[in-house]
Amino acid sequence: VQLQASGGGLVQAGGSLRLSCAASGRTFSRYNMGWFRQAPGKEREFVAAISWSGGSTSYADSVKGRFTISRDNNKNTVYLQMNRLKPEDTAVYYCAAGRQMFGVLRSTSGDFGSWGQGTQVTVSS
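Residues numbered from 1 in each chain as written. Predicted model: local features only at pLDDT ≥ 70, side-chain atom pairs only at ≥ 80, totals over all residues. Heavy atoms only, no water.

**Here's the deal with the pairing of strand E7 (residues 67-72)**
Argument step 1. Of the two faces of E7, only one is covered, namely that formed by Phe67, Ile69 and Arg71; the face formed by Thr68, Ser70 and Asp72 stays uncovered.
Argument step 2. In the sheet, E7 pairs with strand E8 (residues 77-82) via six bridges, with the strands oriented antiparallel. Paired with phenylalanine 67 across the bridge in E8 is methionine 82. (Buried < 20%, exposed > 50% of the residue type's maximum accessible area, 1.4 Å probe, protein only. Helix = DSSP H or I, 4+ residues; strand = E, 2+ residues; numbered from the N terminus. Pairing = 2+ DSSP bridges.)

Here is the structure:
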């Protein structure tokens, strides 16, 4: 699975952005998908994940209630709706596909095998 993330940009605190990640290949619907982020000088961290069917989701505590992950398997696309953004959400956001088809939903980067190129999100105070 090849991934292309988009939708990042500059937004004021309290604003919203929606990230998209378009996947190539006919097997997109068989893989869990996730979003991770990496801020300057920090390690990459988990943000959200969604199961291959879309029936299960998982979020980092820092984004619960503000971010929503979703997917459209007909469009081979996963989304991250980000509301009430904070300056600490500033980072490069990466989408990723799970290593195994029909796998168990997990939240560690090692469980994801294909990564997109990242899209920059900057939240000004």
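On we go.
**As for the sheet that holds strand E3 (residues 17-23)**
Argument step 1. Strand order in the open sheet made by the four strands is E1-E3-E8-E7, with antiparallel pairing throughout. Among the strands making up the open sheet, the edge pair consists of strand E1 (3-6) and E7. For this sheet, the mean inter-axis angle between neighbouring strands, taken without regard to orientation, is 15°.
Argument step 2. Of the strand pairs in this sheet, E1 and E3 are connected by four bridges, and their pairing is antiparallel. Along E3, the bridge assignment pairs leucine 3 with alanine 23. (Axes fitted to C-alpha atoms, helices over the stretch in contact; angles between N-to-C directions.)

**Some words on the state of the cysteines**
Chemically, a disulfide is nothing more than a covalent bond linking the sulfur atoms of two cysteines.
Argument step 1. For the coordinates displayed, the defined rule picks out one disulfide.
Argument step 2. A sulfur-sulfur distance of 2.1 Å marks the disulfide that ties cysteine 21 to cysteine 95. Negative torsions about the S-S bond denote left-handed disulfides, and the value of about 60° found for cysteine 21 with cysteine 95 makes this one right-handed. Here cysteine 21 is found in strand E3, whereas its partner cysteine 95 is found in strand E9 (residues 91-101), with 74 residues between them in sequence. (Disulfide = S-S within 2.5 Å.)

**Details of the packing of aromatic side chains**
Argument step 1. Per the counting criterion, the structure on display carries four aromatic pairs.
Argument step 2. The interplanar angle of 75° and the centroid separation of 5.2 Å between the aromatic rings of phenylalanine 36 and phenylalanine 112 together place this pair among those described as edge-to-face. Here phenylalanine 36, found in strand E4 (residues 31-38), pairs with phenylalanine 112, found in strand E10 (residues 112-115); they are 76 residues apart in sequence, far enough to count as distant.
Argument step 3. Note on phenylalanine 36: relative accessible area 2%, which makes it buried.
Argument step 4. With a centroid separation of 5.0 Å and an interplanar angle of 55°, the aromatic rings of phenylalanine 36 and tryptophan 115 are classed as tilted. Placement of phenylalanine 36 in strand E4 and of tryptophan 115 in strand E10 is noted, with a sequence separation of 79 residues between them.
Argument step 5. Classification of tryptophan 115 by relative accessible area gives partly exposed; the value is 28%. (Phe/Tyr/Trp six-rings, centres within 6.5 Å; stacked < 30°, edge-to-face > 60°.)

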